[in-house]
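Next come the chains, spelled out residue by residue.
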Amino acid sequence: MVSLGMQSQRPTFQIQLLGDHAIVYKINTGQLKDIDPNLLAFTQFVTNEKINGIKDIILAYDTLTLVYDILHFDSNPFLFAHTILEAFNNASKNNIVSIERRSMIEIPVCYDESLGIDLENAVKALNCSIDELIQQHSEKIYTVYCLGFLPGFAYMGEVPHAIQLPRHPSPRSKVLAGSVGIAGKQTGIYPMNSPGGWQIIGRTPIKIFDPTSTSLTLFKAGDQVRFKPIDLKLFHTLNTHEDVH
Amino acid sequence: MKMSIKIIKKGLSDRIIDAGRYGFQHLGIQPSGPMDFLSAQLANTILDNDLNHPVFELHFPAAVFEFDEAMYICICGANFVPVINEKSVALNTPIHVYPKDQLSFLQPIEGRSCYLAFKGKLDESKKWLNSFSSFQTTLNKGDHFVIHKAPEIVLSINPFKQNTIQQVQKNLFNEHEIRFIPGPAWNDLDHASIQALMHKSFTIDAKSNRMGFLFNGPAIHLAAPKDYLSSAVTMGTIQLLPNGQIIVLMADHQTIGGYANLGQIILVDLPRLAQLNNQCPFKLSITNVQTAHQLYRSIQSWFMH
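Residues numbered from 1 in each chain as written. Chains lettered and ligands numbered in written order. Predicted model: local features only at pLDDT ≥ 70, side-chain atom pairs only at ≥ 80, totals over all residues. Heavy atoms only, no water.

With that settled, the discussion passes to the overall build of chain B. In terms of helices and strands, chain B carries five helices and 21 strands. Taking 2.2 N^0.38 as the reference for a compact globule, 305 residues should give roughly 19 Å; the C-alpha atoms of chain B span a radius of gyration of 20 Å, in line with that estimate. Along the longest, intermediate and shortest principal axes, the C-alpha atoms of chain B span 65 × 40 × 35 Å. By the burial criterion, 59% of the 305 residues in chain B qualify as buried. Taking all contacts inside chain B whose residues are at least 6 apart in sequence as the whole, residues at least 24 apart take part in 77%. Accessible area of chain B: about 12700 Å², with a carbon and sulfur share of 53%. (Helix = DSSP H or I, 4+ residues; strand = E, 2+ residues; numbered from the N terminus. Rg over C-alpha atoms; globule rule 2.2 N^0.38 Å. Buried < 20%, exposed > 50% of the residue type's maximum accessible area, 1.4 Å probe, protein only. Contact = heavy atoms within 4.5 Å. Areas by Shrake-Rupley, 256 points an atom, 1.4 Å probe, with all protein chains shown as cover.)

Quick look at the structure:
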């Protein structure tokens, strides 16, 4: 394992190998309250560089993973991992790393019991009222730590301690697209109908994943998200899901 | 000129794939490439196609195909006893089919993923995000694939292709350990588990599929319970489930994983793992990235004229 200091006062990146076709940069921040801005800047840098032979650039929590094509790289993967990091360090020293503003995305959510199918049991388990749960869930600004599980599924955190709910012991066979769930410290939205074990507390009328759109997904890692409570009537007005009429 | 391949009968889980859809894993969109890239590449090599030309990946019981025009096809990988109009046909060779010919598969003899390549260009309408790999859909009865006919040529097996076929067959079906590079959680295992992973035999569980292969074998444990932050995973990532079972992520893997990451099966051994039948015991062994890269380069050289 190799560590490189970015700049003296900055956090360091550790370089690890994920087998024979991916390298992982892990940032040492200690506590993880948000995605580290240096990691976000590094991700943007690698994405903008469009390095030949890099097939995927995946940011998640405290790591950036680059999936590479073996045939494109002659050298030891540690060497080219260092080369990329050095290029970033030089660019940031010379202030030529462009940092995009992080998106703040507002998601309308209807917390009606007909859509938030676990709401009733959840408030019993949490010993609070539905209004309290809605308030706690919607007043916080969440960070998208990564996308995974399904296309466009964003793992967001952290959920306030008072409304953290465990996953269902066995997953439901079908959770509807747009359903908003809680699992432990994380909250997320099902981008399509799928099996799922999260506790469903509401539903958004908007599309999270659209295979025909150019952006494909509503979220990307590093985005900030806020949920805005809406009533059932507005949900139906805004609804984009096929199963609701 | 257009021709088509039609699905007459649905199989258990068949699909069209190419080398996979890369560049979208950060959005949670998995590559969905082949389980066995060697057989897919071999089938294309035999037909003088690009290595990453789309092919059908079949699992037993496999679909029944009908061809509406004369064309060349090639079948590689698992031996499911292919027959055309009930007459048996060979693997690893160009096959000339005629209009109304039907291709079906009788029984699984060896391997678990079979590849059907065809000569001609698949219609672009089946493409999404630069790839033909099907996205969470399998072949259904009535599906048809429009193919733009390739110029008429006679295909044959030359010494170069003969060598490629032999090398691929040897790599896939000769007994060999499955090699891996230890990952971030390897040192979190207890001593007995490390010994078990290095010396004991495993088999593949019947519940395995394109998302992942579950291993049956000795239970594996961390020295002490530990939580891991989720990070990217790829095909071949060896994860430890909370119940002590190993799962190796395969072609339809999720893009992010939060279980203990014990290591990574090297690319050249993934096709052999992908073709292992459930009852075949196998062992794991440790290797390093330099060896893995050398092996991968030498394998890819089989496909280069």
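Quick look at the interface of chain B and chain A now. With 38 residues of chain B in contact, the opposing surface of chain A contributes 39 residues. Here chain B and chain A share an interface that buries about 3100 Å² over both sides, 67% of which is from carbon and sulfur atoms. Run the count over chain B and chain A and you get zero salt bridges. For the pair chain B and chain A, the interface holds 13 residue pairs in polar contact (both at pLDDT 80 or more). Listing elements by their share of the side of chain B that touches chain A, those giving two or more residues are β16 (231–232), β20 (260–265) and α5 (289–301) of chain B. The element that contributes the greatest number of residues to the side of chain B that touches chain A is α5(B), accounting for seven residues. (Buried area = accessible area lost by both parts, 1.4 Å probe. Salt bridge = Lys/Arg side-chain N within 4 Å of Asp/Glu carboxyl O. Polar contact = N/O pair within 3.5 Å; in protein donor to acceptor, adjacent residues only side chain to side chain.)

Okay, the environment of B:Asp252 next. All names here are of chain B. Position of Asp252 relative to the elements: it lies in the loop between β18 (246–249) and β19 (256–257). Judged by its relative accessible area of 11%, Asp252 falls in the buried class. Between the alpha carbons of Asp252 and Pro34 there is a distance of 8.9 Å; along the sequence they are 218 residues apart. Once residues lying within four places of it in the same chain are set aside, the contact partners of Asp252 are Arg15, Gln30, Ser32, Arg210 and Met211. At 3.3 Å, the side chain of Asp252 and the side chain of Arg15 are in polar contact. Reaching out from Asp252, the side chain makes a polar contact with the side chain of Ser32 at a distance of 3.1 Å.

We now examine the pairing of strand β10 (residues 110–118) of chain B. All names here are of chain B. Most of β10 is tucked away, with eight of its nine residues classed as buried. Inspection of the sheet shows strand β3 (residues 55–58) paired to β10 by three bridges, in the antiparallel sense. In the strand pairing of β10, Leu58 is matched with Cys114. In terms of strand pairing, strand β5 (residues 71–79) meets β10 through six bridges, oriented antiparallel. (Pairing = 2+ DSSP bridges.)

As a further point, take the sheet that holds strand β7 (residues 87–88) of chain B. Through backbone hydrogen bonds, the strands of a sheet pair up, either in parallel or in antiparallel fashion. Residue and element names in this part refer to chain B. The antiparallel open sheet is built from seven strands, whose spatial order is β7-β6-β9-β4-β1-β12-β11. The open sheet is flanked by β7 and β11 (121–122), the only strands paired with a single partner. Here strand β6 (residues 82–84) runs beside strand β9 (residues 102–105); their pairing, made up of three bridges, is antiparallel. Residue Pro82 lies in a different strand from β9, and its bridge partner there is Phe105.

Here the focus is the domain arrangement of chain A. Residues and elements named next belong to chain A. What the domain assignment lists for chain A is domain 1 (2–99) and domain 2 (104–238). Facing eight residues of domain 1, the contacting portion of domain 2 comprises 10 residues. Summed over both partners, the interface of domain 1 with domain 2 comes to about 690 Å²; 53% of that surface belongs to carbon and sulfur atoms. Its largest share of buried area at the contact with domain 2, domain 1 owes to Asp34, Ile35 and Tyr61, together 56% of the area lost on that side. Counting across the domain 1 and domain 2 interface gives three residue pairs in polar contact (both at pLDDT 80 or more). (Domains from an automatic or database assignment.)

So, about the sheet that holds strand β21 (residues 282–286) of chain B. As summarised here, the arrangement of the seven strands in space is β13-β20-β17-β18-β15-β14-β21 (chain B), forming a closed barrel in which the pairing is mixed. This sheet shows a mean twist of 40° between the axes of neighbouring strands, independent of strand direction. (Axes fitted to C-alpha atoms, helices over the stretch in contact; angles between N-to-C directions.)

On to the pattern of salt bridges. All chains considered together, the criterion is met by 18 salt bridges over all chains. With a shortest N-O distance of 4.0 Å, A:Lys124 and A:Glu120 are connected by a salt bridge. Of this pair, A:Lys124 and A:Glu120 both sit in helix α3 (residues 119–126), four residues apart, which is roughly one turn of that helix. The exposed category is assigned to A:Lys124, whose relative accessible area is 58%. For B:Arg210, the salt bridge is made with B:Glu57, and the minimal N-O distance between the two is 2.8 Å. Here B:Arg210, found in the loop between β14 (201–204) and β15 (212–216), pairs with B:Glu57, found in strand β3; they are 153 residues apart in sequence, far enough to count as distant. Among the residues examined, B:Arg210 registers a relative accessible area of 6% and is labelled buried.

All names here are of chain B. Split by domain assignment, chain B resolves into domain 1 (2–172) and domain 2 (178–301). When each unit is reduced to the centre of its C-alpha atoms, the spacing between domain 1 and domain 2 is 27 Å. Both faces combined, the contact of domain 1 with domain 2 buries some 2000 Å², and carbon together with sulfur accounts for 50% of it. The largest contributions to the domain 1 side of the interface with domain 2 come from Met35, Phe37 and Arg112, which together make up 39% of the buried area.

All names here are of chain A. Its place among the elements puts Asp223 in the loop between β13 (199–203) and β14 (224–230). Assessed through its relative accessible area of 3%, Asp223 is described here as buried. Among the polar contacts listed, one links the side chain of Asp223 to the backbone nitrogen of Lys220, at a separation of 2.9 Å. When residues no more than four places from it in sequence are discounted, the contact partners of Asp223 are Arg102, Ser103, Ile105, Tyr142, Thr143, Val144 and Leu218.

Walk down a regular strand and you will see the side chains alternate between the two sheet faces. Residues and elements named next belong to chain B. Within β15, four of the five residues are buried, which leaves the element mostly enclosed by the surrounding structure. The sheet contact formed by β14 and β15 spans two bridges and is antiparallel. Note that in β15 the partner of Thr203 across the bridge is Asn216. Bridging between β15 and β18 involves three bridges; their strand directions are antiparallel. Within β18, the residue paired with Gly212 across the bridge is Leu249.

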